[in-house]
Amino acid sequence: MATAERPKARQSQLVTTYGVGSLFPAGDQSFMICGIDEWDEKWSPAVEEPRLARSLGVHTFRAPASGKRTGDVPVVRFPTYHYCPECRRLDSYWKFDAKKMQCPDCLRDLTPSRFVACCENGHIEDFPYFNWTHRGSDVPDGPHRMTLESQGASSSLADIVIRCSCGVPAHDLDGSFGRNALSNIKSCGGRRPWLPDASDEQCEKPLRALQRGSSNVWFGAVRSSISIPPWSSPNAQFVTKHWVVLEHLPESALAAALPAMIEGRSGLSVDSIVDVVRQRKGLDTTAQPSDKDLRDEEYRALVDGNEGGPLDTFQCVAVDVDLRVRDLVAQVSRANRLREVRALQGFSRVTPMVTDTTNPRLARLSETHLHWLPATEVLGEGIFVRLSEDAIAAWEKQSLARQRHELLDRSLQQRAAESGAPVVTAPSARFVAIHSLAHALLQELSLDAGYPIGSLRERIYAEEGQSGLLIYTASSDAAGSLGGLAALADEQRFADTLRTALSRAGWCSNDPVCSESGPSGTDGLNLAACHACLLLPETSCEHRNIFLDRVSLVGNIDSLTGGLVSSL
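To keep things clear, this report deals only with the structure shown in the data block. What you see is a predicted model, and the numbers here were worked out from it, not measured in a lab. (Residues numbered from 1 in each chain as written. Predicted model: local features only at pLDDT ≥ 70, side-chain atom pairs only at ≥ 80, totals over all residues. Heavy atoms only, no water.)

## A look at the overall build of the protein chain
- Helix and strand content of the protein chain: 14 helices and 20 strands.
- Whereas a compact globule of 568 residues would reach a radius of gyration of roughly 24 Å, the protein chain reaches 27 Å, a difference of no more than 12%.
- Principal-axis analysis of the C-alpha atoms places the extent of the protein chain at approximately 80 × 70 × 40 Å.
- Long-range contacts, defined here as pairs at least 24 residues apart, represent 68% of the contacts in the protein chain between residues at least 6 apart.
- If you sum the accessible surface of the protein chain, you get close to 25800 Å²; carbon and sulfur atoms cover 47% of it.
- Here the protein chain carries 59 positive and 71 negative side-chain charges, and the mean point of each set is 3 Å from the other. (Helix = DSSP H or I, 4+ residues; strand = E, 2+ residues; numbered from the N terminus. Rg over C-alpha atoms; globule rule 2.2 N^0.38 Å. Contact = heavy atoms within 4.5 Å. Areas by Shrake-Rupley, 256 points an atom, 1.4 Å probe, with all protein chains shown as cover. Lys, Arg positive; Asp, Glu negative; His and termini not counted. Charge placed at Lys NZ, Arg CZ, Asp CG, Glu CD.)

Here's what the structure looks like:
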């Protein structure tokens, strides 16, 4: 493939959207991103975030190769089954003219199969066309040349017919997407095509037929962390850049060597650098922190704030809170500078991990354990809001909060009974209300700041004793660096924005259906939430647009009482 014809993706997409094991559409072709043991590390720049690295059990992170005068991220062609749009022959692409990707008889470009077969453990293979066509029949000897024919009457699976030259009856694909449709056709072969040299695994999960462009073919397990003091300071950045040398120096030699190393550089201090090195060495010997531990540290840092210097990547300063919203809002902080690192630790297929099991089995990104994971960093700005703990605690005791929580909990239990998935505990009423408030506020901030809504992102802090939300720029392209979001934290402007957002949330164009409907959305994990009121683009919600309820926020639609913000 010529260089100009190579498929292109942003670095951030190769972690969040088209990560390892995902299918990347490139015009009329389809490729799968290879595992990181196939990547050339010299073209993948280091991305440092010690807290997150320790949490994920690696030493560092690396950004995907940019492809500009450097290497590219390797891919393999998948699915392997292709067909000719002229003669309709269906076969593995290497049995055609693999170099030109053409049918040798018709000289037409090949089209990749629309369908693949996946299991919940992350394995993926071609849809078993041969097994599907020959099911219930004795397989005769001789050549087998399959064709994929479309009847043209409609776009349904019943109009797609697979024939074989051996003479067995033709079969359409009607019913092939059922939950157990392939259970008697073919068992999972444990295939991992993103790891070209890896052997197949033993797997007992059933195969599911999916369209290769479907969103449930790949669910990335992305973990993220915001750089906070002391790791956001210029001194910590200096330590990160020279860590390969500094980690091996004893403290006495370190103090002697540093003056020459930092000579002529402003904002650096020998004592501060020594302190950061000491903390980082201590970090390497501590227990592996959980995601909750990282969030707790972030929340404390956001509450405490940090003015920082011009080179500090964490600058968060509290501002005055308008009298009109003080009954609900305890703190508003203007985050002029934020740095977020997002790392891909694995992926799943068919069922997203967050609603599958609390201890999901993630597909590996490499055949052997490596000391790094793919990640990207985003520099931006944001607004941190901490709600009044008294207001939250008082609302949690109200009957409406308990009723909505019980409704969501019953929905989770019903989902587990119907699908066989483990029972997942419903998030607290506090979380649902704060999450819903974040969505309403994010939409209004997007309108006021002029940011595309997909370039803003939420971060929820709703554990016991926490009641905060952070809305920040989440895009690494030009749309994520426009400026102006942090300015909306000013006293009067934020109060106006919040009140307008809550006014909009009080009524949805789908009401009363939206507010009075039972569990809805993905697996029934939303209550009163739809695309006309609370749902956001996938890039904006860290919880995949689930666990939302507008009624918990604004109260019953007939009286607008009982909600978290009903008093405003």
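There is more to say, and it comes next.
## Some details on the sheet that holds strand β14 (residues 208-211)
- Ordered by their spatial adjacency, three strands build an open sheet running β10-β9-β14, and the pairing between neighbours is antiparallel. Each end of this open sheet is capped by a strand with a single partner; those strands are β10 (124-126) and β14. Neighbour-to-neighbour, the strand axes of this sheet turn through a mean angle of 40 degrees, independent of strand direction. (Pairing = 2+ DSSP bridges. Axes fitted to C-alpha atoms, helices over the stretch in contact; angles between N-to-C directions.)

## A look at the packing of helix α9 (residues 389-396) against helix α11 (residues 429-449)
- As a packed pair, α9 and α11 sit with axes 10 Å apart at the nearest point and diverge in direction by 120 degrees. As summarised for this structure, α9 and α11 are arranged oblique, according to the angle between their axes. Relative to α11, the crossing made by α9 is right-handed. Across from Glu389, Ile392, Trp395 and Glu396 in α9, the residues of α11 making contact are Ala429, Arg430, Ala433 and Ile434.
- A breakdown of the residues in the contact of α9 with α11 according to their chemical character gives five nonpolar, no polar and three charged. (Parallel < 35°, antiparallel > 145°, perpendicular 65-115°, else oblique. Left-handed = near helix turned anticlockwise from the far one by under 90°. Nonpolar A, V, L, I, M, F, W, Y, C, P; charged D, E, K, R; others polar.)

## Some points on the packing of aromatic side chains
- Scanning all chains against the criterion turns up 13 aromatic pairs.
- Ring geometry for Phe127 and Trp132: centres 6.1 Å apart, planes at 55 degrees, overall tilted. The same class applies to Phe127 and to Trp132, which are both buried.
- Measuring from centroid to centroid gives 5.0 Å for Trp194 and Phe347, while their planes differ by 75 degrees, and the two rings are edge-to-face. Taken together, the residues span a long stretch of sequence, with Trp194 in the loop between β13 (171-172) and β14 and Phe347 in strand β17 (residues 329-348) at a distance of 153 residues. The same class applies to Trp194 as to Phe347, namely buried.
- An aromatic cluster of three or more residues is present, and its members are Tyr81, Phe115, Phe127, Tyr129, Trp132 and Phe177. (Phe/Tyr/Trp six-rings, centres within 6.5 Å; stacked < 30°, edge-to-face > 60°. Buried < 20%, exposed > 50% of the residue type's maximum accessible area, 1.4 Å probe, protein only.)

## A word on empty space enclosed by the protein
- This structure, assessed with the given rule, holds one cavity of 30 Å³ or more.
- Of all elements in the fold, only α10 (399-419) and α11 reach the threshold of two or more residues within the lining of the largest cavity.
- Here the lining of the largest cavity gets four residues from one element, more than from any other, and that element is α10.
- Tallied by class, residues from the lining of the largest cavity come to six nonpolar, three polar and one charged. (1 Å grid on protein atoms, 1.4 Å probe; cavity = no way out; pocket = protein on both sides within 12 Å on 5 of 7 lines; lining within 4 Å. Points joined across faces, edges and corners; volume = space filled by probe spheres on them.)

## Description of the pattern of salt bridges
- In this structure the tally under the stated criterion is 28 salt bridges.
- Here Glu125 makes a salt bridge to Lys186, at a shortest N to O gap of 2.8 Å. Taken together, the positions of Glu125 in strand β10 and Lys186 in the loop between β13 and β14 put the pair 61 residues apart, joining distant regions of the chain.
- For Lys186, a relative accessible area of 23% gives the class partly exposed.
- Linked through salt bridges whose partners overlap, the residues forming this network are Glu49, Arg51, Glu297, Arg339 and Glu377. (Salt bridge = Lys/Arg side-chain N within 4 Å of Asp/Glu carboxyl O.)

## As for the nonpolar core
- Counting residues in hydrophobic clusters, the biggest one holds 58 residues, and the most contacted among them are Val329, Ile383, Leu387 and Leu469.
- By residue number, the principal contributor to this core is α11, which donates 11 residues.
- Setting aside residues up to four positions removed in sequence, Leu469 forms contacts with Ile383, Phe384, Val385, Ile434, Leu437, Ala438, Leu441, Arg459, Ile460 and Tyr461.
- Core analysis: the second largest hydrophobic core is formed by 40 residues, Val15, Trp39, Val73 and Ile124 among them. (Core = buried A, V, L, I, M, F, W, Y, C linked by side-chain atoms within 4.5 Å.)

## What about the pairing of strand β19 (residues 456-461)?
- Within β19, six of the six residues are buried, which leaves it mostly tucked inside the rest of the structure.
- The alternating pattern of β19 places Leu456, Glu458 and Ile460 and Arg457, Arg459 and Tyr461 on opposite faces, both of which are buried.
- Counted along the chain from β19 to the antiparallel partner strand β20 (residues 468-473), the turn is six residues long, and its residue Gly465 has a positive phi close to 85 degrees.

## Some details on unusual backbone geometry
- Of note, the bond from Phe78 into Pro79 is cis; its omega dihedral lies within 30 degrees of zero at 0 degrees.
- With respect to the helices, strands and loops of the structure, Pro79 is situated in the loop between β5 (75-77) and β6 (81-83).
- A cis amide bond links Asp511 with the next residue in sequence, Pro512, at an omega value of 5 degrees.
- Among the structural elements, Pro512 can be located in the loop between α12 (491-505) and α13 (513-516).
- The phi dihedral of Arg88 falls on the positive side, at around 70 degrees, and the residue is not glycine.
- Relative to the helices and strands, Arg88 is located in the loop between β6 and β7 (89-92).

## A look at the environment of Glu464
- Position of Glu464 relative to the elements: it lies in the loop between β19 and β20.
- Along the primary structure Glu464 and Met146 are separated by 318 residues, whereas in three dimensions their C-alpha atoms are 60 Å apart.

## With respect to the pairing of strand β18 (residues 372-387)
- In terms of burial, β18 is largely enclosed, as 13 of its 16 residues are buried.
- In terms of strand pairing, strand β4 (residues 60-62) meets β18 through three bridges, oriented parallel. Across the sheet, Phe61 pairs through a bridge with Leu373, a residue of β18.
- Pairing analysis gives five bridges linking β18 to β20, with the strands arranged antiparallel. Counted as the bridge partner of Val385 is Leu469 from β20.

## Regarding the sheet that holds β7
- The six strands lie next to each other as β8-β6-β7-β11-β12-β13, forming an open sheet whose pairing is antiparallel. Of all the strands in the sheet, the pair left with one neighbour each is β8 (111-112) and β13.

## Re helix α8 (residues 291-304)
- For α8, which comprises 14 residues, the first-to-last C-alpha distance of 20 Å matches the rise-based estimate of 20 Å (1.5 Å per residue) to within 8%.
- Those residues of α8 lying buried are Leu294, Arg295, Asp296, Glu298, Tyr299, Ala301 and Leu302.
- Backbone geometry just downstream of α8 places Gly305 in the positive-phi region, at approximately 80 degrees. (Expected span 1.5 Å × (residues − 1).)

Functional significance is not addressed by these values, which are geometric in nature.
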